[in-house]
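Spelled out from the first residue to the last, the chains are:
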Amino acid sequence: MRQKIVAGNWKMNKDFEDAEVLLDDIYNAQLKYKGDVQVIVCPPTLYLELATDYANDEEMDEAPFGVGAQNVSEYVKGAYTGEISAQMLASMGITHCIVGHSERRKYFGETDKIIAEKINLLLSYSMQPIYCCGEVLEEREAGKHIEVVAKQIQSALFHLTPEEFSNIIIAYEPVWAIGTGKNATPEQAQEMHDIIRKLILEKYGNEVANDTSILYGGSCNAKNARELFAMPDVDGGLIGGASLIAEDFLKIRDSFVD
Ligand code: PGA
């Protein structure tokens, strides 16, 4: 069965001291956690090492949480000032990486082609990409949201083999819901997640489709997570704003109805 996942995307927030407090709170809560939800934290690059220090705690049989980067270079290595490579992330014990986030598409010109390169590199270093897709408001209002998301999925992911694809986590994040306080309704999320799963089924078959975790993102918080996660094809959330407060983030982790 597919994994339930709650991932926190801190974006460009927190100074070092505040990052330490947040990681410490999540770590302590995870020490006591007995549930089956996988927690992933995606802090800014500078704090990844701190996060992996917590995650690699030898007292625990399993890492208390996965550590994800928010970005990776599309290039392998060399003269790319300011970039961080997949090899570097892997060598630091990073397990996941967000790719295709709408903020990177919008402000940093990331195309599906660039995103596909990043995904290939991450997979070659055995890290799990969290692939974000989602339509903007005008596309939804024009009734094009399904077409847009289908194209994003096909052009960034469908070159992968079934084995490669089985390491992909998908996050459906309608852009109009990100940071706006206006989340998609559970029905809107379910409709798109179902469509995404059917696309995967057509391309890769039943087993891969059933095992792919599809997360919802966009103003998901401690109040609305329960009804979103109750939908049959919503396997968890990619959480921005609400992941910056440990108590809220952990409440979201505990929002699955069995
Ligand atoms: P939000 O961000 O929860 O603050 O809306 C989600 C995201 O961008 O991943």
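Right, let's walk through the structure included here. In this text the structure is predicted, and so the values were computed from the model without any measurement.

Rules and cut-offs
- Residues numbered from 1 in each chain as written.
- Predicted model: local features only at pLDDT ≥ 70, side-chain atom pairs only at ≥ 80, totals over all residues.
- Heavy atoms only, no water.
- Salt bridge = Lys/Arg side-chain N within 4 Å of Asp/Glu carboxyl O.
- Helix = DSSP H or I, 4+ residues; strand = E, 2+ residues; numbered from the N terminus.
- Buried < 20%, exposed > 50% of the residue type's maximum accessible area, 1.4 Å probe, protein only.
- Contact = heavy atoms within 4.5 Å.
- Near = heavy atom within 4 Å.
- Polar contact = N/O pair within 3.5 Å; in protein donor to acceptor, adjacent residues only side chain to side chain.
- Areas by Shrake-Rupley, 256 points an atom, 1.4 Å probe, with all protein chains shown as cover.
- Nonpolar A, V, L, I, M, F, W, Y, C, P; charged D, E, K, R; others polar.
- Pairing = 2+ DSSP bridges.
- Axes fitted to C-alpha atoms, helices over the stretch in contact; angles between N-to-C directions.
- Disulfide = S-S within 2.5 Å.
- Left-handed = near helix turned anticlockwise from the far one by under 90°.
- Right-handed = clockwise from strand over helix to strand, strands pointing away.

## Observations concerning the pattern of salt bridges
In step 1: Counting across every chain of the model gives 13 salt bridges.
In step 2: In this structure, lysine 251 engages glutamate 247 in a salt bridge whose closest nitrogen and oxygen atoms are separated by 3.9 Å. Of this pair, lysine 251 and glutamate 247 are both found in helix H12 (residues 246-253), 4 residues apart, which corresponds to roughly one turn of the helix.
In step 3: By relative accessible area, lysine 251 is classed as partly exposed at 43%.

## A few points about the side chain of serine 255
In step 1: Looking at where serine 255 falls in the secondary structure, it is placed in the segment after H12.
In step 2: When its relative accessible area of 4% is taken as the criterion, serine 255 is described as buried.
In step 3: Not counting the four nearest positions on each side in its chain, serine 255 is found in contact with Ala225, Arg226 and Phe229.

## So, the site of the ligand
In step 1: In the region of the ligand, 13 residues are neighbours, and Lys11, His101, Glu173, Gly179 and Ser219 sit closest.
In step 2: In this structure, an oxygen atom belonging to the ligand sits 2.6 Å away from a main-chain N or O atom of glycine 179.
In step 3: Here glycine 240 contributes a backbone N or O atom positioned 2.9 Å from an oxygen atom of the ligand.
In step 4: When the ligand sits alone it has 280 Å² of accessible area, and the protein chains cover 95% of it.
In step 5: Each residue belonging to the shell around the ligand can be placed in one class, and the counts come to 4 nonpolar, 7 polar and 2 charged.

## Concerning the sheet that holds strand S6 (residues 169-172)
In step 1: Read around the closed barrel, 8 strands run S1-S2-S3-S4-S5-S6-S7-S8, paired in parallel fashion. Shown here is a sheet whose adjacent strand axes are inclined to one another by a mean of 25 degrees, direction ignored.
In step 2: As judged from the 4 bridges shared by strand S1 (residues 4-9) and strand S8 (residues 236-239), these two strands associate in the parallel manner. From the neighbouring strand, glycine 8 faces S8, where its bridge partner is isoleucine 239.

## Details of the state of the cysteines
In step 1: This model, assessed by the stated rule, comprises 0 disulfides.
In step 2: Looking at the unpaired cysteine 132, the closest cysteine sulfur is the one in cysteine 133, lying at 7.6 Å.
In step 3: Residue class for cysteine 133 comes out buried when judged on its relative accessible area of 3%.

## Considering the pairing of S8
In step 1: Residues Gly236 and Leu238 point to one face of S8 and Gly237 and Ile239 to the other, with burial holding for every one of them.
In step 2: Strand direction decides the pairing type here: strand S7 (residues 214-217) and S8, joined by 2 bridges, are parallel. For tyrosine 216, the partnering residue across the bridge sits in S8 and is glycine 237.

## A look at the packing of helix H1 (residues 16-32) against H12
In step 1: Here H1 crosses H12 at 35 degrees, and the two axes come no closer than 10 Å. The chirality of how H1 crosses H12 is right-handed. The residues of H12 that touch H1, namely those facing Leu22, Asp25, Ile26, Ala29 and Gln30, are Ala246, Phe249, Leu250 and Arg253.
In step 2: Classifying every residue of the contact of H1 with H12 gives 6 nonpolar, 1 polar and 2 charged.

## Focus: the pairing of strand S4 (residues 96-99)
In step 1: Neither face of S4 is exposed, since His96 and Ile98 on one face and Cys97 and Val99 on the opposite face are all buried.
In step 2: When strand S3 (residues 66-69) meets S4, the two strands line up parallel, connected through 2 bridges. The residue bridging alanine 69 from the neighbouring strand is cysteine 97, located in S4.
In step 3: Note on the crossover from S3 through helix H3 (residues 86-91) to S4: the handedness is right-handed.
In step 4: With 4 bridges connecting them, S4 and strand S5 (residues 128-133) associate as parallel partners. What sits directly across from valine 99, in S5, is tyrosine 131.

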